[in-house]
Amino acid sequence: MTERPATRRRRFFSLGVVSFTAFIFNLSFSIILTSAKPYLDKMDPTAGTDFLGLFIAAQPLAQLIFSPIMGYLGNKLGSVRILSMISMSFLALGFALYACVAALPEPRRWYLFAARFLIGAAGGSITLCFSYIATATTTKERTTAVSLFQMAQSSAFVVGPAIQAAFAPLGSIIPEEGESQLYFDMYTGPAWLSVILAIINVFVFLPCIFTEYNIAKEEGEYLAELAAKNNKDNNKEKPELKDPDVVGLVTCIIVFASVQFNFIFLESVATLLTMEMLGWDEQRAIVIVGIGFAAAGLYSGLIFSVMAPTSRKVGERIVMMVGIIFLLLGPVALYPYSGPPPQFRCNGNGNGTESGHAALGANYFPELLIRDGIHDVWSTFEATAEEAEGNSTCLPVQSFNDTCSYNATCCIPDAGCPNCDQPWCETLPAITSGQMITGFALIVTGFPMGASMGNAVFSKILGPFPQVC
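Only a predicted model underlies this, so the values are computations on that prediction, with no experimental measurement involved.

A separate point is the confidence of the model for the protein. Summarising the model, the protein shows a mean pLDDT of 74, and 76% of its residues fall at 70 or more. When pLDDT is averaged over each element of the protein, helix α4 (residues 81–99) comes out on top at 90 and helix α16 (residues 400–404) at the bottom at 37. Of the regions scoring below 50 in pLDDT, residues 348–375 engages in 63 contacts with residues more than four places distant in sequence or in other chains. Across residues 380–409 the pLDDT falls below 50, and counting only partners more than four positions away or on other chains, this stretch makes 57 contacts in the model.

Here it is as structure tokens:
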């Protein structure tokens, strides 16, 4: 089978377009992921941590619903262009709603849920991208193409938090009670950037830019003709096309789901974990977590660059299994084994909202001491302690020495573990920074290995059948 160089270049460019689509979707999704909890608290302080799980789950729930729908429509239409343009339009609409939530009436939690649901509905485009890669590559090219596609996706997941960190200097604007208006701050800025990127993605699918190819069908027909000719020469019957291994396909889907779960879990809770376990304020947590994921992006890029040659030497399944082992060890490293409990959060109202001392910030006491002086800092701590006296669960600062002790069992304003709402804060050991770094390193190592090889194995098991699900 021969292909003209110009056609090959256009085909490779079309593969670049679908990888760009996956990059934009995951970038837009991950930009706001590390700031989800702080933004939810700002827009609806009464939502609490319980709603956070539903808030984060809205996106994958919508993707779970719309991915098979998009796959079915993609098979019926035989094209990914129109459906991808519709999906990216949903993405732009979802982020526009996310950025405008402050202008809507209270309670705002369900507007945020609707925004993330719309963003998840756009995730059906990822299904179409996988399908197109399978149809626009030969069997020999497929592993490399899938690895590059996964690298684009994973790079977006780690670049996104870095972009969120870049918006941190804008600070956050807290809406007054009953006030509704638009804001441009560290939370809404990334959302508007995502709207712009989604609109750009719609345009790259225009016929003048994007051309669809189905070389997998041409390759299948060529190999079938070659096999028929050989069988005719040898007086053999034409071999029938066997059905794909269903057990193998289901296994690959489960592997891919678990790989994605581990990484999304890490990115979803990283900011909240550092705020509650290490006592960081939201701005510091978003910035440092963002920088960490940016560094992980470079590291994952190196791993992806060696996936194709490594898999050819040792086998795709071996590489995938090694990645799964790393992903299994990551959450184990993040388990709180022993040690003192985390610092408590001083919230006088006992409902998890800010105590009115936000200006003090959530820095450790030595930093506050340098910035504000002993008298001002201690006065604020005393005021917070007086507010907390009415709640027997909330433990206020008992002495000056408690406040100065690193990781002491005392409360700090607007950061730390909210023992008023989460009584387990008083008995559960704190997760240390060393554990977080170890778990983080294990998960970001296993993710590119499991994701890229899982998709490559899935594609090869499915063979020439339509590759959408």
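Let us keep going from here.
Within the largest apolar cluster, 65 residues are counted, with the highest numbers of intra-cluster contacts made by F55, L91, Y98, L112 and Y132. The greatest single-element share of this core, amounting to nine residues, is contributed by α4. Not counting residues within four places of it along the chain, the set of residues in contact with F55 comprises A36, L40, Y98, L112, F113 and R116. The next biggest cluster of nonpolar side chains, apart from the first, holds 26 residues, and it includes F29, I264, V289 and V319.

What follows covers the packing of helix α11 (residues 282–305) against helix α12 (residues 307–314). It is at 5 Å that the axes of α11 and α12 come closest, and there the two elements cross at 40°. Judged by the inter-axis angle, α11 sits oblique to α12. On the side of α11, the interface is formed by I303, F304 and S305, while α12 contributes M307, A308 and P309. The class makeup of the residues in the contact of α11 with α12 is five nonpolar, one polar and no charged.

End to end, helix α5 (residues 109–121) covers 18 Å across 13 residues, agreeing with the expected 18 Å (1.5 Å per residue, within 8%). Taken together, the buried positions of α5 are occupied by R109, L112, F113, A115, R116, I119, G120 and A121. In this structure, the buried residues of α5 make contact with α1 (5–31), α2 (36–43), α3 (48–77), α4 and α6 (124–135).

Here we take up the packing of aromatic side chains. Evaluated as defined, the whole model comprises ten aromatic pairs. Their ring planes at 85° and their centres at 5.1 Å tell us that F51 and W110 sit as a pair that is edge-to-face. Of this pair, F51 sits in helix α3 while W110 sits in helix α5, and the two are 59 residues apart along the sequence. Note on F51: relative accessible area 7%, which makes it buried. Given the relative accessible area of 47%, W110 is considered partly exposed. With centroids separated by 5.5 Å and ring planes inclined at 55°, the aromatic side chains of Y132 and F210 adopt a geometry described as tilted.

Moving on: the side chain of Q435. With respect to the helices and strands, the residue Q435 is situated in helix α17 (residues 433–462). Of note is the side chain of Q435, whose polar atom sits 3.1 Å from the backbone oxygen of A333. If we ignore the near neighbours within four places in the chain, the residues touching Q435 are A333, L334, Y335, P336, Y337 and A430.

Among the surface-exposed residues, L61, L64, I65, I69, Y72, L73 and L77 lie close enough to one another that they form a single nonpolar patch of about 670 Å² accessible area. Tracing the sequence through the fold places I69 in helix α3.

Our focus in this paragraph is the side chain of T188. Along the chain, T188 falls in helix α8 (residues 188–204). Among residues more than four places away in sequence, those in contact with T188 are Y39, A99 and Y183.

Position of Y98 among the secondary structure elements: in helix α4. The spacing of Y98 and A191 is 93 residues in sequence and 6.8 Å in space, taken between C-alpha atoms. Residues within four places of Y98 in sequence aside, it is in contact with I32, A36, Y39, F55, L112, A115, Y187 and A191.

About the cut-offs
- Residues numbered from 1 in each chain as written.
- Predicted model: local features only at pLDDT ≥ 70, side-chain atom pairs only at ≥ 80, totals over all residues.
- Heavy atoms only, no water.
- pLDDT = per-residue confidence, 0-100.
- Helix = DSSP H or I, 4+ residues; strand = E, 2+ residues; numbered from the N terminus.
- Contact = heavy atoms within 4.5 Å.
- Core = buried A, V, L, I, M, F, W, Y, C linked by side-chain atoms within 4.5 Å.
- Buried < 20%, exposed > 50% of the residue type's maximum accessible area, 1.4 Å probe, protein only.
- Axes fitted to C-alpha atoms, helices over the stretch in contact; angles between N-to-C directions.
- Parallel < 35°, antiparallel > 145°, perpendicular 65-115°, else oblique.
- Nonpolar A, V, L, I, M, F, W, Y, C, P; charged D, E, K, R; others polar.
- Expected span 1.5 Å × (residues − 1).
- Phe/Tyr/Trp six-rings, centres within 6.5 Å; stacked < 30°, edge-to-face > 60°.
- Polar contact = N/O pair within 3.5 Å; in protein donor to acceptor, adjacent residues only side chain to side chain.
- Patch = residues over 30% accessible without salt bridge, like charges linked within 9 Å, V, L, I, M, F, W, Y side chains within 5 Å.
- Areas by Shrake-Rupley, 256 points an atom, 1.4 Å probe, with all protein chains shown as cover.
- Salt bridge = Lys/Arg side-chain N within 4 Å of Asp/Glu carboxyl O.

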